[in-house]
Amino acid sequence: RWISPRPFSFTISECFGHASFILVAISYATDDFLLLRIIAVAGSTSMLFFTYFHPHGRILWLPFKWNLLFILINTYRIVKSLYYHYIG
């Protein structure tokens, strides 16, 4: 990558990777519990794309599985929070 005829290379996968870390940073800056979890799910989903379509051509299964678990946990907590909000 560093020795390349192109002066600058940037893949779609890298865009998802950067977007993931930006979303995580934004989620740390929010005070609202529900919004934090929604942004965390978006960031983890973006990281799923990055780890699956990794620029080196190999799927990174370890972070892929962890991010999938984080998405499931946060989605469960979002649904639970919305359910109790609309019931009560």
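Residue numbering note: each chain is counted from 1, following its sequence as written. A pLDDT threshold of at least 70 governs which residues receive local features in this predicted model, and a stricter bar of 80 or more applies before side-chain atom pairs are shown or counted, although totals over entire chains, interfaces and linings include all residues. Here the side-chain values reflect all heavy atoms present in the structure, with hydrogen atoms and water set aside.

Enquirer: I'd like to hear about helix H2 (residues 33–52), residue by residue, with values.
Expert: Every helix listed is a DSSP run of H or I at least four residues long, and every strand listed is a run of E at least two residues long, numbered separately from the N terminus. Here, expected helix span is obtained from the residue count minus one, scaled by 1.5 Å. Given a rise of 1.5 Å per residue, 20 residues ought to cover 28 Å, and the 29 Å separating the end C-alpha atoms of H2 matches this to within 8%. Three labels apply to residues, based on accessible area from a 1.4 Å probe with only protein chains included: buried if under 20% of the type maximum, exposed if over 50%, partly exposed otherwise in between. Among the residues of H2, Arg37, Ile39, Ala40, Val41, Gly43, Ser44, Ser46, Met47, Leu48, Phe50 and Thr51 are the ones counted as buried. Where H2 is buried, its residues touch helix H1 (12–29) and helix H3 (61–87). Throughout, a contact is declared for two residues whenever any of their heavy atoms are within 4.5 Å.

Enquirer: Got a sec to walk through the side chain of Asn67? Specific residues and values, please.
Expert: Checked against the element boundaries, Asn67 lands in helix H3. Under the relative-accessibility criterion, Asn67 is labelled buried at 12%. Once residues within four sequence positions are removed from consideration, Asn67 is found in contact with Ser44, Met47 and Leu48.

Enquirer: Could you give an account of the packing of H2 against H3, naming the residues involved and the relevant values?
Expert: One way to put it is that H2 packs onto H3 with a least axis distance of 9 Å and a crossing angle of 155°. Looking at the two axes, H2 sits roughly antiparallel to H3. Between H2 and H3 lies a crossing whose hand is left-handed. The axes used here are C-alpha line fits, helices contributing only the stretch in contact, and every angle between their N-to-C directions lies in the interval 0 to 180 degrees. In these notes the angle categories are as follows: under 35 degrees is roughly parallel, over 145 is roughly antiparallel, 65 to 115 is roughly perpendicular, and the rest is oblique. The hand of a helix crossing depends on one turn: near helix anticlockwise from the far one by less than a right angle means left-handed, and clockwise means right-handed.

Enquirer: So what's going on with the environment of Ser13? Which residues, and what values?
Expert: Counting through the fold element by element, Ser13 comes out in helix H1. The sequence separation of Ser13 and Ile59 amounts to 46 residues, and the corresponding C-alpha distance is 12 Å. When neighbours within four sequence positions are excluded, Ser13 is seen to be in contact with Phe49, Phe50, Phe53, His54 and Pro55.

Enquirer: Run through H1, naming residues and quoting values.
Expert: Along its 18 residues, H1 runs 26 Å from first to last C-alpha, staying within 8% of the 26 Å computed at 1.5 Å per residue. When we look at burial in H1, the residues that qualify are Ser13, Glu14, Gly17, Ser20 and Ser27. All buried residues of H1 lie within an arc of 150° about the axis, which places them on one face of the element. The exposed residues of H1 that point more than 90 degrees off its buried face are Ile12, Ile22 and Ala29. On its buried face, H1 is in contact with H2. The directions considered for the arc are those from the helix axis to the C-beta atoms.

Enquirer: Which residues make up the packing of aromatic side chains, and what values do they have?
Expert: Side-chain rings of Phe, Tyr and Trp, where Trp is taken by its six-membered ring, are said to pair if the distance between their centres is within 6.5 Å; with planes under 30 degrees apart they count as stacked, over 60 as edge-to-face, and otherwise as tilted. A complete count under the given rule lists seven aromatic pairs for this structure. On the basis of an interplanar angle of 35° and a centroid distance of 6.0 Å, the ring pair of Trp66 and Phe70 is categorised as tilted. Of the two residues, Trp66 and Phe70 both sit in helix H3, four residues apart, roughly one turn of that helix. Taking the relative accessible area as the measure of exposure, Phe70 reaches 38% and is therefore partly exposed. Here the aromatic cluster, defined as three or more aromatic residues joined through ring pairs, consists of Tyr52, Phe53, Trp61 and Phe64.

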